[in-house]
Amino acid sequence: MTRKAVLMASAGLISAILPAVGQAQTAPPAEETVAAGDQDNQGDVVVTARRREERLADIPTAVSVIDAESLASRGGATDSRELLADQPSVRFNNLSSSINSEISIRASSTARATNGDPSIGLYVNGAYIGGGGVGGRYFTRLDFLDVGRIEVLRGTQGALYGRNAVGGAINIVSAQPQFDTSGYIRARYDFETEGKQVQGAVNVALSDSVAVRFSGDGISQTGGFFYNPDHDTYFDRQKGYGARAQIRFRTGPLDLTLLAERQDLDTPAVHYQISIARGTPGYPNGYSQPKFSYAWNTKPRATQDHNTYQAFGTLDLGGATLSATSYYRNRKSQYDLDNDGIDAESVAAAVAAGIIPQATARLTDVFGASYVIDRTRSFNQDLHLSGTGLGSKLTWLIGGDVLILNSDYQVTTFRTPTALNTSTGTRAPVSLSYKSYAAYGSLGYDLTDSLNLTGEVRYTRDDRSLSARLFDRGTGAPAGGAARVIDVQIKPDNISYNVTAAYKAGGGVLAYAKVGSSYRAGGFNTNLGDPRQPNVIPAAFGNENSTTYEIGVKGAPDRSLFFAFAGYYNNLKNLIAQLDNGCILTNPTCPIAATTFLTNAGNARSYGVEGELSVTQPVANGRFRASLNASWQGGKVTSGRYDNLRLPQVPDFLGAVNLNFRHGFIGRSTLVANALYSVQFGGLQELRVNSVKLDDYDLINLRLGIEIDKASFTVFANNVGNEVYRVARDTTINRYSTPRVIGVEASYRW
């Protein structure tokens, strides 16, 4: 399907839906709302986007919810690509592995392959989980297990969510124990990858006040698409398990849940294709590996394990509600990397064929490799009190938040010793400490029955420090000189706010305007580069601050329709960007490989518009459900050395159409079909003059299944058109998306 076709289809869907607005009835009152998955209208879903329970349609901000039913209809999710494919302004920056991938929202910046914090807040059951040297810019696989709902908050959320919510925040809410006996089991097989997956949950009510829930996930995938012939294995193979246990106490005013979980997982390894253009210095004829086969000496490996303990709940105090979340996660991430991305046999063959000159081959250390390991321990405590007053005209909230994070990570490199350099490699340990304390609150008042004014504010004090060294791997002696001896500390503070005016226009429609601010936490660089470098690398960089202006309209005119549209403009100060020090083999003043680093690269602005529609209609013995979203965004740097350059990793357009159809079939069976179409086009890879473009894509996922009582059987095809595009590229490397996957799935619920 072409972009023109999807835009025409979107326009047709809108024109078909809008007449229903004119026939709409007034939306039901808040007390009639029900849980996610049990209602026709998405606007009725109860969420905690503003740290208290509210109907989605009543929240004056850009927020979407993915309920358990919607997620199940498209086959669930085990990563962010599957989870967020139909969310406006949301992009999953897939760098081939969960270890180094990340998410961006509304043109928010990224921190690829660095120790920088993400630009969106990552939350599980209201607790912050981001941060650390490696693996802390993304959710783990276990976070996607047995989901109750996912709340996607777009735009500045600094006042209530604090650090790193510049582009927005995502809160995954696990399915809690319920006071019944229920459960499910789901098994899946992917033919192309020989992948076997099983997920399930068992829920038991021990009494009227105590319930338990056990969830599990297992995967064994020996095949894949990206092959390493040297070790006869696949970079994208997976194997491991995840398990979660919860117990819930609900007695009188107290509702408390205790959670413990563990993940032990071999996740897809970091991989890339060597692709060097003709005429590149040292490569007059260029050189390119096959698209899906990389001859690496280093055996591909990546693992991500963690133990998590959490307690969360509420206490009804009569005139107010106390909410608390205590969270501890001990995460271990590691991966191996072939630094040159090629083996000796491939180099010799290229020399023999005249592709690579002998002089270039002599400079290539085919046995160069890196081993990266990170151990991060994170504790987050949030406590807040909320209530109403003045006959419910006044809403208020006051709370506090503590984050304590310690991350010890190390990069060990291996090299072939020579007469001029007898070292066998280096060891670079880093110790990162982060303590953050915050107090926040909100106050809202109904000026009239239709007009509400709300203010939110948060004060945060951060204390961050880092110690980094470089040692010779064999002798243990210090190496790298002064550039690799770093002891640095920063203690920034921040005040973030939101001011929102909301107007209930009638017929279930809400219009709003708001201005707010947030920050992305500053950090450190662990390699200060070469003394000859054209661009100086700082040991530390400061916070990135943003001020956002947003207007929007949303509504649930009747129980079959929900819509939301918004426009925004962001002013970014001290933009955190990934740059390089300007060294390159062809630079006569610094003829070595470039060193990448993070720094404050000046001010910037970003802007965009977005919209989403969802409609549900009964069809005979079943139901038709459709959702449509589209977003256009852009931005550029407005000061500093990169003045007037476009912001990187910001596609011009993101869109998706998700269609789900259920219809009575034979006897007590139901036919279920789902189609998900997603599209991206426009944008640049890097913040530099000669940056290459982001690849465009059009992807279609299809599912067809039958439900018989409590059992179901489904066949599916992801990426039906078998489209392969580059998820990342630079001057010498490409990273590709996965081709088509066909599989079957069976499930049973009770």
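A few words now on the sheet that holds strand β9 (residues 168-174). As summarised here, the arrangement of the five strands in space is β3-β8-β9-β6-β7, forming an open sheet in which the pairing is mixed. Both edges of this open sheet fall to β3 (63-67) and β7 (127-128), since each of them pairs with a single strand only. Both strand β6 (residues 120-124) and β7 contribute to a ladder of two bridges, which runs antiparallel. Looking at the pairing, Val124 lines up with Ala127 of β7.

On to the nonpolar core. Within the largest apolar cluster, 27 residues are counted, with the highest numbers of intra-cluster contacts made by Phe226, Phe235, Tyr287, Tyr294, Trp296, Tyr335 and Leu337. Of all the secondary structure elements, the ones that give two or more residues to this core are β17 (273-276), β20 (320-338) and α5 (344-352). Residues contacting Trp296, with those up to four places away along its chain left out, are Asn228, Asp230, His231, Phe235, Val270, His271, Tyr272, Leu337, Asp338, Gly341 and Ile342. By size, the runner-up hydrophobic cluster in this structure holds 25 residues, among which are Leu56, Val63, Tyr161 and Leu397.

Relative to strand β22 (residues 394-414), strand β21 (residues 369-389) runs antiparallel, the two being bridged by 21 bridges. By the bridge assignment for β22, Ile373 is matched with Gln410. Across 21 bridges, the pairing between β22 and strand β23 (residues 425-446) is antiparallel. When the sheet's bridge partners are listed, Leu397 is paired in β23 with Ser442.

Within this structure, the stated rule accounts for one disulfide. The disulfide partner of Cys583 is Cys590, and the S-S distance across this bridge is 1.9 Å. Looking down the S-S bond of the Cys583 and Cys590 bridge, the torsion is 75°, so its handedness is right-handed. By relative accessible area, Cys590 is classed as buried at 0%.

So, on to the sheet that holds strand β41 (residues 726-729). Taken in spatial order, the four strands line up as β18-β17-β42-β41 in an open sheet, and their pairing is antiparallel. Looking along the sheet, the strands with just one partner apiece sit at the ends: β18 (287-288) and β41. The sheet contact formed by β17 and strand β42 (residues 733-736) spans two bridges and is antiparallel. Bridge pairing in β42 links Ile274 to Ile733.

Before going further, it helps to spend a moment on α5. Taken residue by residue, α5 has Ser346, Val347 and Ala350 as its buried positions. In an axial view of α5, the angular spread of the buried residues amounts to 100°, which keeps them on one side of the axis. Exposed residues lying more than 90 degrees from the buried face of α5 are Glu345 and Ala352. For α5, the elements touching its buried residues are β18 and α6 (358-363).

Counted according to the given criterion, the structure contains 16 aromatic pairs. When the centroid spacing of 5.7 Å and the interplanar angle of 55° are considered together, the rings of Phe235 and Tyr294 count as tilted. Here Tyr294 lies in the loop between β18 and β19 (302-316) and Phe235 lies in the loop between β14 (233-234) and β15 (238-251), a separation of 59 residues in the sequence. Since its relative accessible area comes to 0%, Phe235 is described here as buried. Between Phe563 and Phe565, the ring centres sit 6.0 Å apart and the planes meet at 35°, which makes this aromatic pair tilted. On the basis of relative accessible area, Phe563 is assigned to the buried category, the value being 10%. Among the residues examined, Phe565 registers a relative accessible area of 37% and is labelled partly exposed. Of the aromatic side chains, those joined through ring pairs into one cluster are Phe226, Phe235, Tyr272, Phe292, Tyr294, Trp296 and Tyr736.

The rules behind the values
- Starting afresh in each chain, residues are numbered from 1 along the sequence in its written order.
- Residue-level local features of this predicted model are given only where pLDDT is at least 70; pairs of side-chain atoms are given and counted only at 80 or more, and the full residue set underlies all totals for whole chains, interfaces and linings.
- Heavy atoms from the whole structure form the basis of all side-chain values; hydrogens and water molecules are not counted.
- Strand pairing is defined by DSSP finding a minimum of two bridges between the two strands.
- What counts as a helix is a DSSP run of H or I of at least four residues, what counts as a strand is a run of E of at least two, and both are numbered from the N terminus.
- Here, nonpolar core refers to any group of buried Ala, Val, Leu, Ile, Met, Phe, Trp, Tyr and Cys residues whose side-chain atoms link them within 4.5 Å.
- The buried label applies to any residue whose accessible area, calculated with a 1.4 Å probe on protein chains only, is under 20% of its type's maximum; exposed applies above 50%, and partly exposed to all values in between.
- We call two residues contacting when some pair of their heavy atoms lies within 4.5 Å.
- Cysteine sulfur pairs qualify as disulfides if the two atoms are within 2.5 Å.
- As used here, the arc belongs to the directions running from the helix axis to the C-beta atoms.
- Ring geometry is summarised as follows: Phe, Tyr and Trp rings, the Trp one being its six-membered ring, pair when their centres sit within 6.5 Å, and such pairs are stacked at plane angles under 30 degrees, edge-to-face over 60 and tilted between the two.

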